[in-house]
Every structure is written in structure tokens, then in C-alpha cells.
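Examination of the molecular architecture
Residue strings, one per chain:
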Number of protein chains: 2
Amino acid sequence: MIVVDTLAGADPRTVRERNRANSLDRNTSGMCRGYMQANLVILDREDAFDFLRFCIQNPRPCPILEVTAPGQFEPVLTAPGADLRTDLARYEVYRHGELVERRTDVRDVVTDRDVCFLLGCSYSFEHLLSDAGLPIRHHEQRIDGAPMYITSRHCTPAGRFGGELVVTMRPLPADQITLAVQLTDSHPEAHGAPIAIGYAEQLGIKDLARPDWGTSVALEYGDTPVFWACGVTATHVVQSARLDRVITHSSGYMFITDRKITS
Amino acid sequence: MIVVDTLAGADPRTVRERNRANSLDRNTSGMCRGYMQANLVILDREDAFDFLRFCIQNPRPCPILEVTAPGQFEPVLTAPGADLRTDLARYEVYRHGELVERRTDVRDVVTDRDVCFLLGCSYSFEHLLSDAGLPIRHHEQRIDGAPMYITSRHCTPAGRFGGELVVTMRPLPADQITLAVQLTDSHPEAHGAPIAIGYAEQLGIKDLARPDWGTSVALEYGDTPVFWACGVTATHVVQSARLDRVITHSSGYMFITDRKITS
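Residues numbered from 1 in each chain as written. Chains lettered and ligands numbered in written order. Predicted model: local features only at pLDDT ≥ 70, side-chain atom pairs only at ≥ 80, totals over all residues. Heavy atoms only, no water.

- By the naming in an unreviewed UniProt entry, chain A goes by Hydro-lyase and is assigned to Mycolicibacterium cosmeticum.
- Quoted straight from UniProt, the Sequence similarities (unreviewed entry) entry for chain A says "Belongs to the D-glutamate cyclase family." (UniProt positions renumbered as here; feature names shortened; annotations may be inferred.)

As C-alpha cells, this is what we get:
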């Protein structure tokens, strides 16, 4: 058995500082148990209003944790003192919808017109499930993060922002799914309750073995796939919008806030 | 299409009076929308205490709505004026665990030592699901009631009462199961939230096409089986106890109370 230090007990500030110093490069699933993790989208103020409308209209995949003022890169509400240009392990830069660069900081890329969006992430609730005795199969199988799938379901568009819903999948034993619904239902800021349970093809997912992001996770005997809305929907949507320039975190390498998720 | 009058809008008193007059003989699924339906068990006062302990220890399958005093057949709390010896459409009489007789009233069978148990039934919440737009496949497929299965899961025994949990199965589209959990979770008196979702074999159910009571229901495209604890567990358990004499309702032919289920 490979033992992986997931930094489960780490302090968010410590992780952010290590990211800032480029001394940590790791998927954040299981990291800093109890703290809310976030998807990051940075885009020009010109597009920020429509994107904010998009998030408000699609709160299941895109629950808003914080939106900064143009040119401000400190998330004063959720992680005061942090710097969103340096404190994530991996960033991606898209130009006209194409990934052009992966970086460990984006200080050279942003401008004073940029707005940062922090959107909730289902990593935030995984410890609620495991504390209740539910298995997290991607942890058990030593896979970085839950697999993600583009569905056939369309988000409500706003301006040039629109596209398909993205979901994460976690397999669960049939007799523990009700508890998973109950535990996550009260956390809309982390995508809330599952949006689908069971039959993947109903979401337009043809093959669970071929996720669109991440690595596939095996179902154990008695497992049923459970699907939650995923913040990568935001990445997918801003990419499809083919903006001149957009910066996002790399999927699974989330920003860790100081805000606790309460069970 | 066959149009069946399910007596959805009927008043419970009217249905009980028609049963008393033996002018109605029908599965009560869909009948008297909004009113709580009940499983009936009548047994000797000698056994009543242990059976009551059994119900308290197994509240998911056996939620207690009312227990009468010995020799009292009027459920004064849930349907004042009713007579539990006549106001159900079908009764079954078991002696030493064997079904010996089916009757439309049991006035000749009961004694003044008998205690009546009314236990919650999932028929009570079906209209909450359909009002919310969820399909009730056994209604759509013109099948009397949800199919019932004996599982491999054992109830907590009390005295001579013990045995396997019985469940009902309702197929639901993958993207509506969360709502079904939420709607039923707040109604423990009608078995509450599903006890399992998805993989039937985890409950020891080998073949969904072969229920232990009722008729099998077909899964539509995109459906996942959803399992709720069932009051027939009580029938199964009293039958297994091989008491000298036990009277129950016939599965699916429930007692309809005057109590409303609130959504």
C-alpha cells in the first residue's frame, strides 16, 4: 500500500504559503479537512458582469464564495492576506479558448482590469462523508480527486457564457446514498445534494471509464455512481466563450480558503 | 390506455364505510391522497408487549401510528369511529405461521384479548412524489402497488419477533432521486427516506423481476431502483414467529386513517 500524506490536517495559510514559494504541487482533495476549497476564474472586468450573472443563474455548479473588485487579488472575505496570483499550486492561461500556458503563479499575466471569482468545490464536503463512515473511493484507490464528466445538460446562459454542466462522480454503497444526500444537501456553497444518482447515461455520460478530467474510479461491489455538480463547469464555460484571455486554477488544484464548512 | 378510478380524491370515512359494507375490494395505492395509510397487525395481548418493543427497535419498517388497548378495535387517535375488524378490504388470518383464511371482516375471529397495531405505510407519501412531478411507475404501468422484496438485512429482534427487513421498490429517474430523498426524509411515520438506492443485490435482492409480494415494475430508460423500508416487514415477522393466531391486512389493502400527511 502506498501511503500518501494528503496534508489533511494542514492549515490553509501554510498550504498557501508553500504554494507561493512553489514548494508544493499537489491535488488538494483531502487537504486541509474542514476548510472550504474553491475554483478560481480570473477574467477581464468587461466580462465579469455577465459571468457573475451566469454564476447566479447556475448556483449548483457555480456557488459564489467571493468576487474581488477589479485589480484586487486578495480575497478579503474568505482568506484575508492571501494572494490569488500566487497561492494556488497550478494555474492555466487560456487565450481565445485555447490553453496556452500552465504556470505556478500569474503575477506577470494579470492586469488591473482583472476580477477574481472564487466558486465552491465539492472537495469541501468530502470529509463530512468520510467522517460519517462513507467511503471516498478515489482516496481509497489513490486517485487524485473525483473524476469529472461533461453532461448533456445545459446551463442557463448569460451573455456569451453558456454550455454544458460538468459533474463529479463518487461511487457509494446503495445503503449509504441517502446519508450522502442528507449531509451535502445543507451545503449549497459546496454544490449541495447530488444532481443525479445511478444511471449515468441519463446525464449523457456514455462511459464512466472515460472522464473528461481526472482519472476514472472503479465501482466496488454494491456501489452506485453518485453525481454532484462541479465547479469545473465554470472553466468549461469560460473556455467555450473564447475570451481574449482567462486564467483558471488547474482542475483539482484548488484554492484553499480560511472559511470552515460546518456540519 | 386503461383509465382506473383510484379513488384518489375519496374521503377516508367513505372508503372505510364501503369496506364495511363489502362494496369495495381494491389495493389502496393512490387512494385518498394526502391521508396516512396503515399496515394492520392484530395479536394477543400476551405477545403485544414484545411486538411493541420490536416496532420501537425497528422504526424504519415499523413506525407506530397507533396501538389499541386489548379488546378495543376503534383507533381513537387516527380514525375515531372506525372499526378495525371491518373497515379494511381484505384480512389474512395466520395460525402457527400458516395462512389459513382470507376474510373481508374479522369480527368472528378476534377476542377481547386482542391488540391492534397500526404501522405507517409508504403509500402515504406517494402523492408527495407525484405532486412534485416524480413518476410513480407502478401507477403508470397500472400495477397495484409497489413491488416488495425480502432483503438479507436483519431487524433487531425482540422476544420471539425477528427476521429480515422487507422493502418496497420504486424506480426513479437518476436526476429526481435527490428530491425523493428530501421529500420522504421528513416523514418517518411513512418510513422516511430510502434505505438503499441503486444496487439491489447489496440488499440481497437477486432478481428485481421476482418480488416476494406484488407485481414487478419495469424500469424505464434512465431509472434507478430506490428502496424504502416496508411495513410488510411486520407481517413477515409475525408470520415467522408462528404465533397461535395473528390477523393482518392483505399486503397493499391498507387501513386508511383520518390523519393527513403534511408536506
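1. Quick word on the domain arrangement of chain A
Residues and elements named next belong to chain A.
- According to the domain assignment, chain A consists of domain 1 (12-121 + 242-260) and domain 2 (123-234).
- Between the C-alpha centres of domain 1 and domain 2 there is a distance of 21 Å.
- In this assembly, 32 residues from domain 1 lie in contact with 34 residues from domain 2.
- Summed over both partners, the interface of domain 1 with domain 2 buries about 2,500 Å², with 58% contributed by carbon and sulfur atoms.
- It is Phe54, Arg60 and Cys121 that lose the most area in domain 1 upon contact with domain 2, and together they represent 23% of the buried surface on that side.
- Seen at the junction of domain 1 and domain 2, the total is two salt bridges.
- The salt bridge partner of Asp131 is Arg33, with a shortest N-O separation of 2.2 Å. (Domains from an automatic or database assignment. Contact = heavy atoms within 4.5 Å. Buried area = accessible area lost by both parts, 1.4 Å probe. Salt bridge = Lys/Arg side-chain N within 4 Å of Asp/Glu carboxyl O.)

2. Focus: the relation of the copies chain A and chain B
- Under the fitted operation, chain A is carried onto chain B by 0.0 Å of movement along the axis and a turn of 180 degrees, and the coordinates agree to an RMSD of 0.0 Å. Considering both components of the superposition, the chain copies are consistent with a two-fold axis. Considering only C-alpha atoms, the part of chain A nearest the rotation axis is Gly198 of chain A, at 3.0 Å.
- Most of the interface of chain A is mirrored in chain B, where 100% of its interface residues again form contacts. (Least-squares fit on C-alpha atoms with pLDDT ≥ 70 in both.)

3. Some remarks on the packing of aromatic side chains
- Counted by the stated rule, this structure contains 10 aromatic pairs over all chains.
- Centroid distance Tyr221 of chain A to Tyr199 of chain B: 5.5 Å. Interplanar angle 85 degrees. Geometry classified as edge-to-face. With Tyr221 of chain A in the loop between strand E8 (196-197) and strand E9 (223-229) and Tyr199 of chain B in the loop between strand E8 (196-197) and strand E9 (223-229), the pair connects residues from two separate chains.
- Aromatic pair Phe51 of chain B and Phe54 of chain B: ring centres 6.3 Å apart, planes at 10 degrees, arrangement stacked. With Phe51 of chain B and Phe54 of chain B both in helix H2 (residues 45-57) and three residues apart, this pair spans about one turn of that helix.
- Within the aromatic cluster, the residues linked to one another by ring pairs are Phe51, Phe54, Phe117 and Phe161 of chain A. (Phe/Tyr/Trp six-rings, centres within 6.5 Å; stacked < 30°, edge-to-face > 60°. Helix = DSSP H or I, 4+ residues; strand = E, 2+ residues; numbered from the N terminus.)

4. A short note on the pattern of salt bridges
- If you walk through the whole model with that rule in mind, you get 36 salt bridges over all chains.
- Residue Glu101 of chain A pairs with Arg103 of chain A through a salt bridge whose shortest N-O separation is 2.8 Å.
- When its relative accessible area of 32% is taken as the criterion, Glu101 of chain A is described as partly exposed.
- Notably, a salt bridge pairs Asp175 of chain A with Arg153 of chain B, separated by 3.3 Å at the nearest N-O pair. Of this pair, Asp175 of chain A sits in the loop between strand E7 (164-173) and helix H5 (177-185) while Arg153 of chain B sits in strand E6 (residues 148-154), which puts the two residues in different chains.
- Residue classification places Asp175 of chain A among the partly exposed residues on the basis of a relative accessible area of 34%. (Buried < 20%, exposed > 50% of the residue type's maximum accessible area, 1.4 Å probe, protein only.)

5. A few points about the packing of helix H3 (residues 123-131) of chain A against H5 of chain A
All names here are of chain A.
- Two elements in contact, H3 and H5, have axes separated by 10 Å at closest approach and are oriented at 135 degrees. In terms of axis orientation, H3 runs oblique to H5. Where H3 crosses over H5, the two elements pack in a sense that is right-handed. When H3 is examined against H5, the residues Phe125, Leu128 and Leu129 are found in contact with a partner set consisting of Ala180, Leu183 and Thr184. (Axes fitted to C-alpha atoms, helices over the stretch in contact; angles between N-to-C directions. Parallel < 35°, antiparallel > 145°, perpendicular 65-115°, else oblique. Left-handed = near helix turned anticlockwise from the far one by under 90°.)

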